[in-house]
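Residue-level structural notes
Take a look at the letters that make up each chain.
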Amino acid sequence: MRTRQKRQVCVLLPNKQHLDCIVGVRARGHEVLNSVLKHLGVSELQVFGLAVLRDNEYLFLDSAQKLSKYFGKRWNRASSTVPFILFLRVQYYVESGLLILSSKVQQLYYTELRQKVLHSQSCHQEALLFQLAASALQAEVGDLEQRAERNNEEEEERGEEKRQERKHRHYFLPEDYFPSWLIKRRGRDFLLQHCPVLHIELRGVTRIQAVLQFIKEASILQDGPVTFYRMRQEKKELRSSILLGVAMKGVHIYQEVGGKQCQLYVFSWTDIERLTFQGSRFEIAAVGSLCLPKLVYYTPSATHSKHILRHLSDSHRFHIITRDAIGYIQQLEDMQASQFHKEAYICDTTRLAHRLQSNSLTSSMSDCSVAVETTTAWSKEEEEEEEEEVTEFELCVDEPEELFVDSPAELSWLAELSVDGPLVLPSSYWAAVTMEMKQVLKSRADDEGVSMD
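A brief look at the structure comes next. Quick caveat: nothing in here was measured; it's all calculated off a predicted structure.

What about the packing of aromatic side chains?
Under the defined criterion, the tally for this structure stands at 13 aromatic pairs. Between Phe71 and Trp75, the ring centres sit 5.7 Å apart and the planes meet at 15 degrees, which makes this aromatic pair stacked. Taking relative accessible area as the criterion, Phe71 reaches 4% and is therefore assigned buried. Among the aromatic residues, those joined into a cluster by ring pairs are Phe71, Trp75 and Phe84. The ring of Tyr58 is capped by Arg89, whose NZ or CZ atom sits 4.0 Å from the centre of that ring. The ring centre of Phe190 lies 5.4 Å from the NZ or CZ of Arg186, which sits over that ring.

Topic: the sheet that holds strand 7 (residues 242-246)
One open sheet holds the 4 strands; their spatial order is 6-7-8-9, and the pairing between them is antiparallel. Since the sheet does not close on itself, it has two edges, and those belong to strand 6 (227-231) and strand 9 (260-268), each with one partner. Strand-to-strand twist in this sheet, taken as the mean axis angle between neighbours without regard to direction, amounts to 25 degrees. Where strand 7 and strand 8 (residues 250-257) come together, 5 bridges link them in antiparallel fashion. For Leu244, the partnering residue across the bridge sits in strand 8 and is Ile253. Of the strands in this sheet, strand 6, strand 7 and strand 8 are in contact with helix 10 (residues 302-337), which crosses strand 7 at around 35 degrees.

Cut-off values and rules
Along each chain, the written sequence defines residue order, and numbers are assigned to residues from 1. Totals for whole chains, interfaces and linings use all residues, but because this is a predicted model, local features are given only for residues with pLDDT of at least 70 and pairs of side-chain atoms are given and counted only at 80 or more. Think of the side-chain values as coming from all heavy atoms in the structure, minus any hydrogens and water. Aromatic rings from Phe, Tyr and Trp, with only the six-membered ring used for Trp, were paired whenever their centres fell within 6.5 Å, and each pair was classed as stacked if the ring planes differed by under 30 degrees, edge-to-face if by over 60, and tilted otherwise. Think of it in three bands: residues with accessible area under 20% of the maximum for their type are buried, residues over 50% are exposed, and the middle band is partly exposed, with areas taken using a 1.4 Å probe on protein chains only. Whether a charge lies above a ring is judged from NZ of Lys or CZ of Arg, which has to be within 6 Å of the ring centre and within 35 degrees of the ring normal. The criterion for strand pairing is that DSSP finds at least two bridges linking the strands in question. Numbered from the N terminus, helices here are DSSP runs of H or I no shorter than four residues, and strands are runs of E no shorter than two. As a rule, the C-alpha atoms of each element are fitted with a line to give its axis, helices using only the stretch in contact, and angles between N-to-C directions run from 0 to 180 degrees. Any two residues whose heavy atoms approach within 4.5 Å are treated as being in contact.

Below, the structure written as structure tokens:
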């Protein structure tokens with residue numbers, strides 16, 4: 001009888017490793033998350049969430065819900081030896097890797113982002129893709145040997161260059177660092193010849209710094225730090241040609257034409273007045289100043305609509321909560337780039353990380369997502385019932401006018417909201433980050449005799 005009350009769950013990690021855990025038949029998502037934390041030896045996953053794969057899309061779990069809600073009847077009648085598959089995926093992308101304090105979590109984030117870059121279709125950002133490849137090589141290979149000093153004789157000089165070129169041409173595979181379309185466009189020989197030139201320029205950059213550089217550069221890749229969901233333009237359309245992308249700063253809409261992604265709209269969070277779903281019907285209403293008609297698309301089911309809306313809502317709140325910290329990180333990085341207080345910058349961010357890690361942080365940030373109380377079951381029959389029951393839910397994503405980004409205390413109202421379940425981190429976490437950074441900047445400003453306010 002006890003065996004029947006247990007279920008085996010297999011969690012696939014971004015680095016292709018997997019974690020097997022045994023949970024009770026009534027287990028909830030947070031129990032699996034705790035097993036992942038223990039396995040990785042970290043206290044926070046921060047930007048990661050557990051997801052199930054449905055219709056070739058990753059839908060993120062509400063960790064407060066029972067796992068049976070996501071696996072339906074199969075969960076109740078399954079044997080304890082057949083594993084249920086979950087995925088640890090990036091749920092919230094960041095502009096700076098400094099927001100991810102754990103080196104292990106940071107490495108997992110880097111690993112997943114690397115795969116996203118390999119599947120990028122941003123043909124107009126070819127130069128950025130070359131730079132990303134160089135940063136990845138520096139992070140994974142380290143320093144590439146510099147060319148030997150030139151000999152006085154011209155003949156020996158040319159011979160040395162040819163030797164170094166032959167040596168550098170074969171230390172990486174283009175397929176591991178460039179999208180397939182770029183390899184086809186430029187050719188493998190071109191990439192093997194020119195990428196090492198960029199790699200050599202990063203000599204002296206530590207592997208940790210190269211990872212941070214990669215994360216920062218990838219944040220401006222158009223289709224990199226984005227989670228895509230497929231939608232149809234018409235309800236009875238057989239093929240889902242629309243891609244709705246949940247990005248760091250808003251929503252991207254693409255349409256697939258001839259196997260290529262064509263960008264239709266880019267909405268910042270402040271461009272969106274309302275997101276609504278009723279059953280599988282999903283609507284996006286832009287603010288009046290944009291003079292755009294209401295966009296109407298159709299998801300595979302009401303279940304998909306609800307999870308997509310939750311992800312949109314959570315991502316918007318994550319953007320609000322972290323933007324102040326990102327602003328101060330940017331100021332610190334600008335100071336480092338201009339060679340002012342470089343040593344102090346490194347020292348202070350290290351101290352900041354230790355201070356935050358020493359705090360007893362939990363991953364139970366109040367969920368500010370849409371209030372959708374209906375539980376989700378994944379069987380076809382229950383989805384049909386839900387299609388009839390769900391009425392209309394609206395989510396206003398306009399940012400509050402009274403919110404002052406210079407005062408982290410103003411963000412405390414987010415922690416007091418309790419709607420559907422946990423997000424990632426308490427607002428006090430990010431308040432601690434921004435306050436610490438503000439103190440760092442203030443001390444630097446006092447030293448220089450200027451005001452940073």
